[in-house]
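Understanding the architecture of this molecule
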Amino acid sequence: MLFLHAPIAVIFLYAFTTDDAIFSFPPPGLTVDWFRVTLNRADVWQALGLSLRVALVATLVAILLGTLAAAAVYRGKFFGREAISFALVLPIALPGIVSGIALRSAIGIINVPFSFWTIVIGHATFCMVVVFNNVLARFRRTGRSQIEASMDLGGNPFQTFRYVVLPAIATALLAGGMLAFALSFDEIVVTTFTAGQQQTLPIWMFSQLTKPRQRPVTNVVAVFVVALTTIPILLANRLTERTVE
Amino acid sequence: MTEPPAPAIRLDHVSRSFGEVTAVDNVSLDILDGEFFTLLGPSGSGKTTCLRIIAGFDQPDAGRVLLHGADVTQLPPYEREVNTVFQDYALFPHMEVGANIAYGLMIRSVAKPERVRRVAEMLDLVRMPGLESRRPSQLSGGQRQRVALARALILHPRVLLLDEPLGALDLKLRQQMQVELKAIQQQVGITFIYVTHDQEEALTMSDRVAVFNVGRVIQIGSPAELYEHPASPFVAGFVGVSNLISGELAQRITGSAETFSVRPEKISLQAVEQPSPDGHVSVKGSVRDVVYLGVHTRYLIELEGGGDLTVVEQNRDTTSMDVMSARGRQVRLVWDPKHNRRVSDGGGAALDPAG
Amino acid sequence: MQATALGARLQRPALHRLGTFIYLRPWLVLALLLGPPLLWMVVIYLGSLASLVVQSFYFLDPFTGQVIRKLTLSTYADLLTPANLEIFQRTALMAAAVSIAAAILAFPWAYYMARYASRRAKAALYLAVLLPLWSSYLVRVYAWRLILAKEGIVTWFLGALHLEGVLDAVLRLPVIGGPSLSVSFLGMFIVFVYVWLPYMILPIQAALERVPKSLLEASGDLGARPGRTFRHVTLPLALPGVLAGSIFTFSLTLGDFVVPYSLGNSSYFIGQAVLSFTGTAFNIPLAAAFTVVPMVIMGFYLIGARELGAFEAL
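Residues numbered from 1 in each chain as written. Chains lettered and ligands numbered in written order. Predicted model: local features only at pLDDT ≥ 70, side-chain atom pairs only at ≥ 80, totals over all residues. Heavy atoms only, no water.

Examining the interface of chain C and chain A
Basically, it comes down to this: Note on definitions: a residue-residue contact is assigned when non-hydrogen atoms from the two residues lie within 4.5 Å. The buried area of a pairing is the accessible area, by a 1.4 Å probe, that goes missing from both parts when the two are put together, added over both. Pairing of N or O atoms within 3.5 Å defines a polar contact, subject to two protein rules: one partner must be a possible hydrogen donor and the other a possible acceptor, and residues neighboring in sequence count only if both atoms are side-chain atoms. By the criteria applied, helices consist of DSSP H or I runs no shorter than four residues and strands consist of E runs no shorter than two, each listed in order from the N terminus. When residue character is reported, Ala, Val, Leu, Ile, Met, Phe, Trp, Tyr, Cys and Pro are called nonpolar, Asp, Glu, Lys and Arg charged, and the others, Gly included, polar.
Taken together, the contact pairs 80 residues of chain C with 78 residues of chain A. In total, about 7400 Å² of surface goes out of reach between chain C and chain A, with carbon and sulfur atoms giving 79% of it. Connecting chain C to chain A are two residue pairs in polar contact (both at pLDDT 80 or more). Among the elements that take part in the side of chain C that touches chain A, helix H3 (residues 26–56) of chain C stands out by supplying 19 residues, more than any other. In the side of chain C that touches chain A, the residues fall into 61 nonpolar, 14 polar and five charged.

Some words on the packing of aromatic side chains
Geometry of an aromatic ring pair is reported as the spacing of the ring centres plus the angle between the planes. Short version of the rule: For this analysis, a ring pair means two rings from Phe, Tyr or Trp (six-membered ring only for Trp) whose centres lie within 6.5 Å, classed as stacked if their planes differ by under 30 degrees, edge-to-face if by over 60, and tilted for the remaining angles. Accessible area is worked out with a 1.4 Å probe on protein chains only. A residue is then buried under 20% of its type maximum, exposed over 50%, and partly exposed in between. Note on criteria: charge over ring means Lys NZ or Arg CZ within 6 Å of the ring centre, with the direction from the centre no more than 35 degrees off the ring normal.
As enumerated under the stated definition, the model contains 15 aromatic pairs over all chains in all. Aromatic pair C:Tyr199 and C:Phe248: ring centres 5.6 Å apart, planes at 40°, arrangement tilted. Linking C:Tyr199 in helix H10 (residues 185–210) with C:Phe248 in helix H12 (residues 226–255), this pair joins segments that are 49 residues apart in sequence. Just as C:Tyr199 is buried, C:Phe248 falls in that class too. Three or more aromatic residues link up through ring pairs in this structure, and these residues are C:Phe192, C:Trp196, C:Tyr199 and C:Phe248. Above the ring of A:Tyr74, the side-chain terminus of A:Arg144 is found at 4.7 Å from the ring centroid. For B:Arg263, the ring lying beneath its charged end belongs to B:Tyr227, and the centroid distance is 4.1 Å.

Structural notes on the interface of chain B and chain C
Counting residues at the interface gives 13 residues for chain B, matched by nine residues for chain C. For the pairing of chain B and chain C, the buried interface totals around 890 Å² over both sides, and the portion due to carbon and sulfur atoms is 58%. On the chain B side of the contact with chain C, B:Ala70, B:Tyr78 and B:Glu79 bury the most area, a combined 45% of that side's loss. Linking chain B with chain C are zero residue pairs in polar contact (both at pLDDT 80 or more). Class assignment of the residues belonging to the side of chain B that touches chain C gives a composition of six nonpolar, four polar and three charged.

Some words on the packing of helix H3 (residues 42–75) of chain A against helix H6 (residues 116–142) of chain A
All names here are of chain A. The criterion, for reference: Lines are fitted to the C-alpha atoms to define the axes, a helix being fitted only along its stretch in contact, and any angle between axes, read from their N-to-C directions, falls within 0 to 180 degrees. When an angle is under 35 degrees it counts as roughly parallel; over 145 it counts as roughly antiparallel; between 65 and 115 it counts as roughly perpendicular; any other value is oblique. Helix crossings fall into two classes, left-handed where the near helix is turned counterclockwise from the far one by less than a right angle and right-handed where it is turned clockwise.
Packing of H3 against H6 leaves a shortest axis separation of 5 Å and a crossing angle of 40°. Overall, the two elements H3 and H6 adopt an arrangement that is oblique. Of the two possible hands of crossing, H3 and H6 adopt the one that is right-handed. Tallied by class, the residues present in the contact of H3 with H6 amount to 25 nonpolar, three polar and two charged.

Observations regarding the nonpolar core
Counted only if it meets this: Buried Ala, Val, Leu, Ile, Met, Phe, Trp, Tyr and Cys residues form a nonpolar core when they are joined through side-chain atoms within 4.5 Å.
Ranked by size, the top nonpolar core spans 163 residues in total, and within it A:Met205 and C:Phe290 carry the most contacts. Those residues within four positions of A:Met205 in sequence are excluded, and the remaining contacts are A:Thr218, A:Val221, A:Ala222, A:Val225, C:Leu138, C:Val139 and C:Tyr142. Listed in part, the 73 residues of the second largest apolar core include B:Phe37, B:Cys50, B:Ala55 and B:Val159.

What to know about a nonpolar patch on the surface
Put simply, the test is: Residues with no salt bridge and a relative accessible area higher than 30% make up the patches, which join like charges within 9 Å and nonpolar side chains (Val, Leu, Ile, Met, Phe, Trp, Tyr) within 5 Å. Accessible surface is estimated by sampling points in the Shrake-Rupley manner with a 1.4 Å probe; for residues, cover comes only from the protein chains shown. One side-chain nitrogen of Lys or Arg within 4 Å of one carboxyl oxygen of Asp or Glu is enough to make a salt bridge.
Together, C:Leu38, C:Leu39, C:Val42, C:Val43 and C:Leu46 give the surface a local cluster of nonpolar side chains, amounting to about 430 Å² of exposed area. Looking at the secondary structure, you find C:Leu38 in helix H3.

As structure tokens, then:
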């Protein structure tokens, strides 16, 4: 337990240290000054903005495609049903570097320039499975008869989706979406290969690891990243827990 | 006006298979308007698939479904004037009871005040007045059952389908609901098609019963007909307990080796030394097992010369002590030969007395 | 009757009729649901993987620095230099060591979660494992760099206990040692185990949850002592979970470059090598060929794991 969570506390502590280069422990003094410095750094804001936009769009794409795939797999037996789940899990089961370099090499072969969209495509690909798993589990728990009941009572397929299916999977969508968001916001390996010169927040942090400009700023950003990824996960967990009960 | 009215439901040579398995095999049947009709059969006999084909959840591979004379085979479920009570009730968990019952009206854009009025009416009908704002999760199994019934009845369907609706309830509640269902059916006058594997339930409620086995309809008839004149050993065994007698013993009793059945309650037990009444069949045996069931006692008798028969006797004057001590005793089985039923030729007719 | 039914059908709104048109054709429903995600996965992802393999058969002209789009094996010849083989070996060894260590650490935790924890405690523990699995991977690595640094907590802590000598002795060891914990294989190993541990705990826990309590009681009934029950019943049943977990730990270690970059020395790992080929050398064919190796390793691993039933535990 300590092993898993103490390191994050260390980052929080270091975000307030007055030390600005070598991070001795225990810290010589505490200050909130670095938060002010970070707020004035344009590069941080730029990276944050890009990360948020990428995560948002990738999540939306993942929700749409993941839900469709889950519905298809749930609906019926068809040739290659197992293969779908397998294909979807590949992007997170294979080493990230494989997915990354694969996308990078495809980008190279078809000669498209790196852009916001190359990052989004990469992220959506590995986020899909998260939504897929969540929604499929919900479908399985909900059962088929509610859909049939709606149609039996006169609801056409669109009405049935609107009044029965959507409310039933809403929290699963939200939970899956939030996990996907956290996953995307935090991703670095695939992003390294699909981003070109642009910097998402993790890439910015990584560059600071090797060539730090102001180390304490990195700490502050790290605290921020922890918050932005932890909160959606906690919410997603609450959402799925409550519907289980 | 000589033509009889069209049946509420007509299945016309309907077949449906899933891969290798033929679930419904060339089934034809007519269900009359206002009938309480039961599809009875063991699991996997095709009764539920038939119901789903009538509801429109499943499409037959061959054959037609006619609803009051109109071919609905190609219509989706939401365009059929047929509603269903599901085995697991299938209430919408995110809606209150009122909204669940009003669902069909909401889809049909019925005005709010009208909806509220009709929901209240339905809740009265199923004897749950005032529970509109409960959530399905706050209801007991029996209450959910009633809500599901109200939700299906509010649209005044031409036919109501019930898929083993009492399966999840305990025995007492189930018996109470059987009576209530029948009463509601008579009150609203809608054709009920009821699927069950429970023969007692089928006999209790139905006007007519269709017995299914491996995708086919084996026999259609009133509960009394099925019980008194089973058309096959399967029906004899599935509806009630049957005692099948065949071979040498049958030869001795009826003069023919053909299999026949005699219901356990038609047989009486006597002491061996007591003479049998004139014209009655008399067979000797010993009591192998006794099951005391309160109202009555079930005896398993091993016959002299092979074979077993089940005999049921009312515990009018006997106590459990008396009946339990019967084990191992030699007895004489006596019954009127008019209760012998031939089952092998599908006729189910009474056999002539031996001779 | 038939006429009115048809008439009613024609008067319905277009959306309703479209719904019915689709509903009555199950293959169309399937195509509409499955089409978009399938197209995405096949075209974008599997397509990319294919292009990766193709790319690995191209080669980089050493004089012009241009990628020559002709299929040759020369890139693979470049791949099989002793230096590169050493990189594969180093990475695979690290991945194996990390997987084993993670399994050993994860098992008691998962066992406790599955067997002894109350419902509430289980939910809390589950969340405690889930959080690091989904969040702030980079931050965690970064935190460890601070912890293991020469001036960091570990040094301070051991100093406070007057055990500096132990640390120095460990760091003086060949291969796993280094100038400080934050620049050594030992440090890397610790961080790898730390960041991938949740991926091991969850599948093991899931596998253990699936072992019915009655089975353990049955084994006890039949006279097996707890130790025997554990060895002959629990362990074999948990094995698919361990394997499923090791798919992640192994695969993630094989492909990672963040940890080696942050805590490693000049001996490359696969991830670093690939990154440097794409980044500075622009030798995409060689980078591609480099990743084909872990792909093949993982391919065999996945097939083996599937045979042993690890997929049910995912």
